[in-house]
Structures are given as C-alpha cells and as structure tokens.
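Single-letter residue listing:
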Amino acid sequence: MNNRTNFYRDEIFRLLGQERYLLAFDVETTGLQPDAQIIQFAGVLYEMGKEKKFTLTERERMNIYIRPRTALPKRITELTGLTNTFLADYPYEEEAFPLIRAFLSQEGIYCGYNVAFDIGKIRALYERQGFLFHQRKYLDVLEMARDCIPKDKIEKYNLSSVSSYLNTTQGLDYHNAQDDISATARCFIRLLNM
C-alpha cells in the first residue's frame, strides 16, 4: 500500500468509527455543465453495523424523478433511458427540492461513486432554490476502488467496471440513480473488506 492508500484507508475507518449512519446518494442530470439540472435523485440511508463484520442495513430509501425546464439532450436519453415524455409527469425541481433537502439533512456520512460530481449538482440545486448547501465529510467509493484495485487489473474505474471486477453486478441498470446507489453500496462493502 502507498501513503495515499494508507491515509485514505485510515480516514475511512476514522469516519466510520464516528458515525452510525451512511447517506448514499446519486444523481442523473441533463449534462455535465455547471448549470445542468438534476433529473433523478436517489438516496439510501444505511445504518452501519460494526460488530465482527462491517454491514449496511437499509433504513430509508428515496427515488425522485424531476422534470427539467429544458428538453433532454439525446445523449442523456441514450445514457439514462429517461425521456422528456417520461419526465413530463414529474415535479419541477422547486417541488422536489424540499424532499431532497430533508433527506440530505439527516445524520450520517455522505457516500457515493465519484461523489464530488453529485455534490456539485446538489450544491447548484440548493443555490437555485436560495439555500446554502452545508457540505459534510464524505466517502468516495471511486477513490477506494483506485486504491484497492491495481490499474493493470481493470480497464476503467467507472462504476460498471468496478462492479464487474468485484462481482457485484447482479440485476443492475447503470446510469439509473437508484441502481447506481445499490452498486455503490455493494462495492463499498467489498472494497472495505479488502
């Protein structure tokens, strides 16, 4: 293990030792640009078990689709499977925001896969709604994968490749926020035990 790996590992176990809950979340958006809107938010509140073996027990689940103000780019529909027609019956972000805010206000460590991207989109959502996003400590499963899986053993460090490498791919549809949360949690447990 290198110094970065040791530091990150120690930080993960320090954070896990301080908290009882893990708030895992993922977003799908209208694109990568800073003003891209969230079109799906999924989150799971896990209670962490720390006796003998580390476990995650689901306590609450949220999955919200959000109607964007502009038409979805074709590449986003191809990537996520979400269409303008499907999203037309869902609330706009100002209606969905209170639910997302309530979920993210719960006690726990934030967790996700490449979670800085998701946090950036959530921060922008908060700003559009006139609120300040209070970021807390988070665990990034992508960083854990980079530290635990040698580069010569995996083609890419995206969620589907890491899930496949760790044999945690059962029944998942990537680029669906709800399934990405499940994949992230499975990878998190497997990587933690590595």
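Our structure's up above, just so we're on the same page.
Residues numbered from 1 in each chain as written. Predicted model: local features only at pLDDT ≥ 70, side-chain atom pairs only at ≥ 80, totals over all residues. Heavy atoms only, no water.

(A) How the structure looks around the sheet that holds strand S4 (residues 109-112). The sheet built from five strands is open, its strands ordered S3-S2-S1-S4-S5 with mixed pairing. The two strands at the open ends of the sheet, each matched to only one other strand, are strand S3 (55-65) and strand S5 (138-140). Here the strands of the sheet are splayed against their neighbours by 25° on average, with no regard to which way each runs. Pairing analysis gives nine bridges linking strand S1 (residues 21-29) to strand S2 (residues 38-49), with the strands arranged antiparallel. (Pairing = 2+ DSSP bridges. Helix = DSSP H or I, 4+ residues; strand = E, 2+ residues; numbered from the N terminus. Axes fitted to C-alpha atoms, helices over the stretch in contact; angles between N-to-C directions.)

(B) Spatial organisation of the pairing of S3. Across 10 bridges, S2 lies against S3 in antiparallel orientation. When the sheet's bridge partners are listed, Gly43 is paired in S3 with Met62. Joining the antiparallel neighbours S2 and S3 is a turn of five residues, in which Lys52 adopts a positive phi near 65°.

(C) Layout of the packing of aromatic side chains. Scanning the model with the defined rule gives 11 aromatic pairs in all. For the pair Phe25 and Phe41, a centre-to-centre distance of 6.3 Å together with 20° between the ring planes defines the contact as stacked. Note that Phe25 is positioned in strand S1 and Phe41 in strand S2, a separation of 16 residues in sequence. By relative accessible area, which is 0% here, Phe41 ends up buried. Among the aromatic residues, those joined into a cluster by ring pairs are Phe25, Phe41, Phe97, Phe103, Tyr110, Tyr126, Phe131 and Phe133. Across the ring face of Tyr92, the terminal group of Arg67 is positioned such that the distance to the ring centre comes to 4.1 Å. Arg69 extends its terminal NZ or CZ atom over the ring of Tyr92, reaching a point 3.6 Å from the ring centre. (Phe/Tyr/Trp six-rings, centres within 6.5 Å; stacked < 30°, edge-to-face > 60°. Buried < 20%, exposed > 50% of the residue type's maximum accessible area, 1.4 Å probe, protein only. Lys NZ or Arg CZ within 6 Å of the ring centre and 35° of its normal.)

(D) Focus on the environment of Gln178. Relative to the assigned elements, Gln178 resides in helix H8 (residues 177-193). The spacing of Gln178 and Asn63 is 115 residues in sequence and 6.5 Å in space, taken between C-alpha atoms. Sequence-distant contacts of Gln178, defined by excluding residues within four places in its chain, comprise Gln40, Ala42, Arg61 and Asn63. (Contact = heavy atoms within 4.5 Å.)

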